[in-house]
Amino acid sequence: RDDAGSVPRFVLVSPAAFEPTGDKFLPEGTKENANLKLYANAVKEVAAERKIAFVDLYTPTLKEFTKKKGMQFSSNGIILNEAGNRLVAEALDEGLFGGENPAMAGSSVYEKLRAAVNDKSWVHLQDYRMLNGWYVYGGRRTFDTETFPREYLKIRNMVAVRDRYVGDIAQGKAVPAVPDDIKK
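Keep in mind it's a predicted model, so treat the numbers as computed, not measured.

Draft legend 1. Representation of the overall build of the chain in the model. Assigned secondary structure in the chain consists of six helices and two strands. Secondary structure elements of the chain, listed N to C terminal, follow the sequence β-α-β-α-α-α-α-α. Surface summary for the chain: the accessible area is close to 12,700 Å², and the carbon and sulfur share equals 58%.

Below, the structure written as structure tokens:
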């Protein structure tokens, strides 16, 4: 979202590395990382050919992931946990913006933005994996054609409100303590 109407900026981003898990039931990671390295190099070449910005996530994540065996940054080698997401976010921040960032991990700005993003993600998830899906998606004795569409609209409006809220925080705008779901 860009309130100033700036021209969009395209950025190609390489995949993160595969974290060696040390778990005999999961891939070891060598073959996966060899393939991911090929993919990362191909993305880098396309970015150079087209003169598009490129952020390399593969190299910094491989460096961190291979320091110590075990799932420090992921739940299974590829699905990142909070520490893995933080590592990727820091690499993206550095690659996209460089230099100092007032919203560095642990700062109050960072924590407020992080909480807002997590809230938006949870609300967005309700559109696809609602806790009481029987009521909203149907499946009981009624196939209500009035309630269900209204519920979808409510949830999608709540996501849009949170999307604006996250954008405003990221842009340093003053925001209320919580998103206002009454606004559209």
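Draft legend 2. Region of the structure containing the pattern of salt bridges. For the structure shown, the criterion picks out seven salt bridges. Where Asp163 meets Lys120, a salt bridge forms, and the shortest distance between an N and an O atom there is 2.9 Å. Remark: Lys120 occurs in helix α4 (residues 108–128) and Asp163 occurs in helix α6 (residues 147–170); sequence separation between them is 43 residues. When its relative accessible area of 36% is taken as the criterion, Asp163 is described as partly exposed. Residue classification places Lys120 among the partly exposed residues on the basis of a relative accessible area of 23%. In this structure, Arg162 engages Asp181 in a salt bridge whose closest nitrogen and oxygen atoms are separated by 2.5 Å. Here Arg162, found in helix α6, pairs with Asp181, found in the segment after α6; they are 19 residues apart in sequence, far enough to count as distant. Through salt bridges that share partners, Glu82, Glu111 and Arg114 make up one connected network.

Draft legend 3. Quick look at the nonpolar core. Listed in full, the eight residues of the largest apolar core are Ala17, Phe18, Leu36, Ala40, Tyr58, Phe65, Phe73 and Leu87. Of all the secondary structure elements, the ones that give two or more residues to this core are α1 (30–50) and α2 (58–65). Not counting residues within four places of it along the chain, the set of residues in contact with Tyr58 comprises Ser14, Pro15, Ala16, Ala17, Asn33, Leu36, Lys37 and Ala40.

Draft legend 4. How the structure looks around unusual backbone geometry. In this structure, Lys51 takes a positive phi of about 55° despite not being glycine. With respect to the helices, strands and loops of the structure, Lys51 is situated in the loop between α1 and β2 (53–55).

Draft legend 5. A look at helix α3 (residues 82–97). With 16 residues, α3 should cover 22 Å at 1.5 Å per step; its first-to-last C-alpha distance of 22 Å lies within 8% of that length. Of the residues making up α3, those classed as buried are Gly84, Leu87, Val88, Ala91 and Asp93. By the N-cap criterion, in which a side-chain oxygen at the helix start approaches the backbone nitrogen of a residue two or three places on, α3 is capped by Asn81, the distance to Ala83 being 3.0 Å. Gly98 occupies a position one or two residues after α3 and carries a positive phi of about 60°.

Draft legend 6. The arrangement of the environment of Thr21 in detail. Looking at where Thr21 falls in the secondary structure, it is placed in the loop between β1 (11–13) and α1. On the basis of relative accessibility, which here comes to 5%, the residue Thr21 falls in the buried class. Along the chain, Thr21 and Asn76 lie 55 residues apart, while their C-alpha atoms are 6.7 Å from each other. When residues no more than four places from it in sequence are discounted, the contact partners of Thr21 are Leu26, Pro27, Gly70, Met71, Asn76 and Gly77. At 3.1 Å, the side chain of Thr21 forms a polar contact with the backbone nitrogen of Asp23.

Rules of the game
Residues numbered from 1 in each chain as written. Predicted model: local features only at pLDDT ≥ 70, side-chain atom pairs only at ≥ 80, totals over all residues. Heavy atoms only, no water. Helix = DSSP H or I, 4+ residues; strand = E, 2+ residues; numbered from the N terminus. Areas by Shrake-Rupley, 256 points an atom, 1.4 Å probe, with all protein chains shown as cover. Salt bridge = Lys/Arg side-chain N within 4 Å of Asp/Glu carboxyl O. Buried < 20%, exposed > 50% of the residue type's maximum accessible area, 1.4 Å probe, protein only. Core = buried A, V, L, I, M, F, W, Y, C linked by side-chain atoms within 4.5 Å. Contact = heavy atoms within 4.5 Å. Expected span 1.5 Å × (residues − 1). Polar contact = N/O pair within 3.5 Å; in protein donor to acceptor, adjacent residues only side chain to side chain.

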